[in-house]
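Tertiary structure, described
Chain by chain, the residues run as shown.
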Amino acid sequence: EGLRYRVVIDAPSPLRETLAASVNLIRWQTYDQMSTSLFDALVRQASEQAKEAAETEGFFSATVDVAVDRSVTPFNVTVRVAPGPQATVKSAQIAIDGIATNDSVGAAARAVVQRQWSLPPGTPFRQADWIAAKQLAVETVAGDSFAAAKLGFSEALVDPDANTVAIDVRID
């Protein structure tokens, strides 16, 4: 039988599920062939993986602490994440280029995309919402007589000091 350990996630509830799905130390806690060297490697990777997981939820200044109590069996592991403030959208520039810029159907498609854009300034930024917003924008343009519409460029520029994200999207 392999090394046994139990993980406690000490983080606000919105982050717990993301951490459980993203941090290998947490995901592998039931692996029955766990070795000391694999466990130690997972512990070393856990802080960075937890920070990256927090970033997907818009927490770009999270602090992470991974503590291991080896005096008990199974080992007790605590992954503690203090997320800090969640980033919000500072600005959102959505441009539509190509044939959709030339006629009233294109103007209508542009208006719908602007109206339906789900990450306006002031909105909390999350990776899943960012992906969904871009996908909906492209689908909206493609569904309005511009079947070849595609995402030409996208950028979410994070300012971790200000906890803001500037969004720039171009649909071709």
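Residues numbered from 1 in each chain as written. Predicted model: local features only at pLDDT ≥ 70, side-chain atom pairs only at ≥ 80, totals over all residues. Heavy atoms only, no water.

Once that is clear, we can look at the environment of G84. Considering the arrangement of structural elements, one finds G84 in the loop between β3 (75-82) and β4 (88-96). On a C-alpha basis, the gap between G84 and A62 in space is 5.4 Å, while along the polypeptide they are 22 residues apart. Residue contacts for G84: discarding those within four places in its chain leaves F59 and S61. (Helix = DSSP H or I, 4+ residues; strand = E, 2+ residues; numbered from the N terminus. Contact = heavy atoms within 4.5 Å.)

Moving on, we get to the packing of aromatic side chains. The tally for this structure, following the rule as stated, stands at five aromatic pairs. Arranged with centres 6.2 Å apart and planes meeting at 45°, the rings of F125 and W130 form a pair that is tilted. Every member of this aromatic cluster is reached through a ring pair, and the members are Y5, F39 and F75. (Phe/Tyr/Trp six-rings, centres within 6.5 Å; stacked < 30°, edge-to-face > 60°.)

To continue, consider the pairing of β3. Both faces of the sheet carry side chains from a regular strand, because those side chains alternate between them. Taking every second residue as pointing to the same face, the buried face of β3 carries F75, V77, V79 and V81, while none of N76, T78, R80 and A82 on the other face is buried. Here strand β2 (residues 63-69) runs beside β3; their pairing, made up of seven bridges, is antiparallel. Across the sheet, residue D65 finds its bridge partner in β3, namely R80. Between β2 and β3, which pair antiparallel in sequence order, lie five residues. (Buried < 20%, exposed > 50% of the residue type's maximum accessible area, 1.4 Å probe, protein only. Pairing = 2+ DSSP bridges.)

Strand pairs in the sheet, formed through backbone hydrogen bonds, run parallel or antiparallel to each other. One open sheet holds the three strands; their spatial order is β1-β3-β2, and the pairing between them is mixed. Across the chains shown, the open sheet's two edge strands, defined by having one partner strand only, are β1 (5-10) and β2. Strand-to-strand twist in this sheet, taken as the mean axis angle between neighbours without regard to direction, amounts to 15°. Direction of pairing for β1 relative to β3: parallel, over a ladder of six bridges. Residue pairing in the sheet places D10 in a bridge with R80 of β3. Strands in contact with helix α3 (residues 36-56) are β1, β2 and β3; relative to β2, the strand with the most contacts, it is inclined by about 160°. (Axes fitted to C-alpha atoms, helices over the stretch in contact; angles between N-to-C directions.)

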